[in-house]
Amino acid sequence: MNRRTFLLGIGGASAGCMRGPSRRLNIYNWSDYVAHDTIPNFEREFGVRVRYATYESTEEMLAKALTGNSGWDVVFPSNSYVGPMREMDLLAQLDHRQLPNLVNLDVRFQTPPWDRQIQWSVPYMHGSTGIVYSTKAPRPVGWADLWEDKYQRRLTMLDDPAEVLGACLKRRRDSVNSTDPGQLEAAKQLAIEQKPLLRAYINAEVRDQLIAGDVLAAQSWSVTAQQAIEQSDRLAFVYPEEGFPLYCDTAAILRESRRVDLAHQFLNYLLRPHIAAAIALEMRTATVNAAARALLPEKDRNNATLYPGPEILQRGEWFRAMPPAAQRLRDRLWTEIKSA
Amino acid sequence: MRRLRITFLTPAALVTLALFAIPMGIVVAYSLLSRGAYGGVVLPWTLDNYSRVFDPLYGQIVWRSLWIAAVSTLLCLVLGFPIALYIARAQRRRALLLNLVMLPFWTSFLIRTYAWMFLLRDTGLVNSALESLHLIRNPLPLLFNDGAVILGLVYGYLPFMVLPLYATLEKLDPALIDAAQDLGATPWVTLWKIVVPLSRSGMLAGGLLVFIPCLGAYLTPDLLGGGKSVMVGNLVQNQFTTARDWPFGSAVSLLLMAAVLLLVLRILGRREQTLL
Amino acid sequence: MKRFLSVYAAGIYAFLYLPLFVLAVFSFNSSKFAVWRGFTWHWYLDCFHSQALIEATAHSLIIAICATVFSTVIGTLAGYSLWKRRLPWLTNSLYLTLLTPEIVTGISLLAFFQWIFRFLHWHLGLHTVILAHISFSLAYVVIVILARLRTFDPALEEAALDLGANEWQVFRYVTVPNLLPGIAAAALLCFTVSFDDYVITSLVAGVDSETLPMVIYAMARKGVNPMVNALSAMITFGLGALILLAGRFQKEESA
């Protein structure tokens, strides 16, 4: 390493922190959530330089957003975080005049329950949680099947308290957003009962194990399941009959942003049918954009895993943010489940 | 001399003050505040977080972590001692041998952990090899249990044991070994009665350098243990991420740090030496 | 005994390198999965075509080099002073930095930066990451230097002083050359912990500062990705070659 590289590095680093509000946009998204040409096309068309980085958990993004000067303009919170972020005054209000493409949204998402007038966040991609299983194993119909010893311990659940408690609550036909201590305690008991049957609590990493055949059934997000199914001919997905949680990732503008107009243009760009379709196709996610969905090839448009029909959707329930007392209780219960 | 010493100390003192003491002060403040509704901290001031720690649930977690960390440290010692001895007694290429021990450490810890998951799975290499050699009929459950966690910890921290052990063994006076052998001791007796006692400071340093990170480990129990058990590291990690209870996480960490610091000082103080 | 030790050592080295070997082998697999499908270089080529990966590597290198330089210098000076005269508060603080869970360090630094940014009008970026890395790697340097100094004969310094040198000259011309192996070891250790750090970096990184561990973490979590294998194989072999070269260079010096 020579002096020149060192100085260049220092120069670059200091230049990075002193750049003013020129034609630049900083976007902070989940990984694998845009197509390979989404950002370059945006840069070219609008003459902008985009700084695009990814995060692995909402808390990571929240911790930075809470500082008030993270440097990010656009972030992608899940629907259950939109309310809290608004309460913490982290989001900029959306100007519908700059978002004409909002009409492309699917009817389901035009007045979303967490943000009826789309004042703070634009729906982006949606999904739900269900059970992915090997076709060589007995077919599960609902959450209850995961409590029976049908899978020789080759069963996994998600490493997420909201999801595990959600499944237990649903098994008892309660709401996934329950704050009732009695219901939650009962759910915890169910989870502890299930633990001996489990191989592990594991998230997206279970995909490899499903494909290799180590795991026969897993609680999984629909998008992850779809990606696994495409890489193996022995996997299938089912939406549990007792009900299941729904989530929607949204795009929002941070209030600290000094490029609010440009951010609006990016959000509008994401709502274009061709752009949204390209992302959904390449990343195998489920788009909220009806016009984009119409552009997808037939087998993707009607993919039962990604776009379940209305009779199935009826059983779904949107995740909601938890009030602090309930959150505290759930955390403690999760620790108890994990230590059991 | 004093002026030179002060000049030399100033940068380190500044760094420690600005980048450690003040941030730690913030953490102490956090531990005395209350949890914000969705993360962060808010008033009022409270001692609740500390009193919550004294709950049998967390005691169980601490006990478990102590046990796993202790076993891992012991295994590191048993496995690491012979190799440190080998390198110390090597006639040539000692630096190379030592660097070869350190080299795996340069690859990302995460990648190596994923590699172990790949190896230990039911359809992984180890089981496949054993099955093809007809040594077993069904795959062994090598992954997602305490054994896998200990394996992962030992694998990750072995170099931290070997280095200080090597440093001590290298300085061992060969004349002592010669003398013992002249007096008729077999190699094994020489090992147990001479070499091991004289390398105590190395074993201590290595032990601490392994035990402390093992206590705070969270990635290994999460990935290799299948997230089925909670160690102190997981608990703290969870508080700052999913649980978003920064005050409680701060309280737990501070108590843990204080306890370990006291332990370290007591062990080192008794022998009147600094680490290594 | 010697035979036993050699065999045992070979076994331990095999154990240490087994996962790396497996990773390397499968980095040449043309299929993404555990079944061998054919030999290919294309995962390696993919690495060089990935803009994100190249930028992240560059960032990681800049951060590691800057942090190492600053930490080693500051730590060597501090270690020397502490050797001359103990300062319990400083040594204990340094121990504490080693004891702190990474996430606590990360959050505390984030909070600290957030507070001073009100006065400095900065953003998170490469500079905050470098500062964070200096903060947690300093202790390693001091420990290594102190260890090395314990084998250093103070008589050498006294002799130089008697011959008329002042303290700074003694340090520069007598102590430092003797310390060089220790300084090199400290720098190596520093570089290692900095290059591999994920938790602290991800918390204090800003807009322009993705590092290699952050990219690898995102990639590896999605499942088996031979690009990750190729990357780790390149890092291992690259650094291994560097160490071999450094070893040869050092041997020539001492010969």
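Here is what the cut-offs are and how they apply
Residues numbered from 1 in each chain as written. Chains lettered and ligands numbered in written order. Predicted model: local features only at pLDDT ≥ 70, side-chain atom pairs only at ≥ 80, totals over all residues. Heavy atoms only, no water. Helix = DSSP H or I, 4+ residues; strand = E, 2+ residues; numbered from the N terminus. Buried < 20%, exposed > 50% of the residue type's maximum accessible area, 1.4 Å probe, protein only. Axes fitted to C-alpha atoms, helices over the stretch in contact; angles between N-to-C directions. Parallel < 35°, antiparallel > 145°, perpendicular 65-115°, else oblique. Left-handed = near helix turned anticlockwise from the far one by under 90°. Contact = heavy atoms within 4.5 Å. Nonpolar A, V, L, I, M, F, W, Y, C, P; charged D, E, K, R; others polar. Core = buried A, V, L, I, M, F, W, Y, C linked by side-chain atoms within 4.5 Å. Buried area = accessible area lost by both parts, 1.4 Å probe. Salt bridge = Lys/Arg side-chain N within 4 Å of Asp/Glu carboxyl O. Polar contact = N/O pair within 3.5 Å; in protein donor to acceptor, adjacent residues only side chain to side chain. Domains from an automatic or database assignment.

Caption draft 1: Region of interest: the overall build of chain C. Across its full length, chain C holds 11 helices and zero strands. Put simply, chain C runs from its N terminus to its C terminus through helices and strands in the order α-α-α-α-α-α-α-α-α-α-α. The C-alpha extent of chain C, read off along each of the three principal axes, is 70 × 65 × 30 Å. Here chain C holds 255 residues, and the buried ones make up 58% of them.

Caption draft 2: Seen up close, the packing of helix α1 (residues 2–31) of chain B against helix α4 (residues 88–99) of chain C. Closest axis-to-axis distance for the α1(B)/α4(C) pair is 11 Å, and the angle between their directions is 50 degrees. The angle between the axes of α1(B) and α4(C) places the two elements in the oblique class. Viewed along their axes, α1(B) and α4(C) form a crossing whose handedness is left-handed. Mapping the contact onto sequence places Leu9(B), Ala13(B), Thr16(B) and Phe20(B) in α1(B) and Trp89(C), Leu90(C), Ser93(C), Leu94(C), Leu96(C) and Thr97(C) in α4(C). Residues that form the contact of α1(B) with α4(C) fall into these classes: seven nonpolar, three polar and no charged.

Caption draft 3: Structural view of the packing of helix α4 (residues 94–102) of chain B against helix α1 (residues 2–26) of chain C. Orientation of α4(B) relative to α1(C), taken along the N-to-C sense of each, is 40 degrees, at an axis distance of 10 Å. Looking at the two axes, α4(B) sits oblique to α1(C). Residue-level inspection shows Leu97(B), Leu100(B) and Val101(B) of α4(B) in contact with α1(C), the latter providing Tyr13(C), Leu16(C) and Tyr17(C). Across the contact of α4(B) with α1(C), the residue classes break down as six nonpolar, no polar and no charged.

Caption draft 4: Quick look at the nonpolar core. Among the nonpolar cores identified, the biggest contains 278 residues, and Phe76(A) and Phe266(A) are the most heavily contacted of them. Here this core gets 15 residues from one element, more than from any other, and that element is helix α6 (residues 126–149) of chain C. Non-local contacts of Phe76(A), meaning those with residues more than four positions away in its chain, are made with Ile27(A), Tyr28(A), Asn29(A), Trp30(A), Tyr55(A), Met61(A), Tyr124(A), Thr250(A), Ala251(A), Phe266(A) and Leu270(A).

Caption draft 5: Focus on the interface of chain C and chain B. Facing the 78 residues of chain C at the interface are 74 residues of chain B. Regarding the contact of chain C and chain B, the summed buried area is about 7,700 Å², with carbon and sulfur atoms giving 81% of it. One can count zero salt bridges joining chain C with chain B. Where chain C packs against chain B, one counts five residue pairs in polar contact (both at pLDDT 80 or more). Those elements giving two or more residues to the side of chain C that touches chain B turn out to be α1, α3 (51–84), α4, α5 (102–120), α6, α8 (167–196), α10 (212–221) and α11 (226–254) of chain C. Sorting elements by how many residues they give to the side of chain C that touches chain B places α1(C) first, with 16 residues. Residue classes in the side of chain C that touches chain B are distributed as 57 nonpolar, 13 polar and eight charged.

Caption draft 6: Local environment of the interface of chain B and chain A. On the chain A side, the residues contacting the 33 residues of chain B number 34 residues. Between chain B and chain A the total buried area reaches about 2,800 Å² when both faces are included, carbon and sulfur atoms providing 54% of it. The tally of links between chain B and chain A comes to six salt bridges. Across the salt bridge formed by Arg35(B) and Asp331(A), the nearest N and O atoms sit 3.9 Å from each other. Between the two partners, chain B and chain A, sit 10 residue pairs in polar contact (both at pLDDT 80 or more). Elements supplying a minimum of two residues to the side of chain B that touches chain A: α3 (56–89), α5 (109–120), α11 (219–223) and α12 (232–240) of chain B. The greatest single-element share of the side of chain B that touches chain A, amounting to four residues, is contributed by α3(B). Residues of the side of chain B that touches chain A, tallied by class, amount to 14 nonpolar, 10 polar and nine charged.

Caption draft 7: Here's a closer look at the domain arrangement of chain C. Residue and element names in this part refer to chain C. Looking at chain C, the domain boundaries give domain 1 (1–40) and domain 2 (49–251). Placing the centre of domain 1 and that of domain 2 at their C-alpha centroids yields a distance of 29 Å. In this assembly, seven residues from domain 1 lie in contact with seven residues from domain 2. Together domain 1 and domain 2 conceal approximately 610 Å² of surface at their shared face, both sides included; 66% is due to carbon and sulfur atoms. Among the residues domain 1 hides against domain 2, the three largest losses belong to Leu23, Ser27 and Lys32. Together they make up 63% of the total. Linking domain 1 with domain 2 are zero salt bridges, by the criterion used here. Residues belonging to the side of domain 1 that touches domain 2 are distributed by class as follows: four nonpolar, two polar and one charged.

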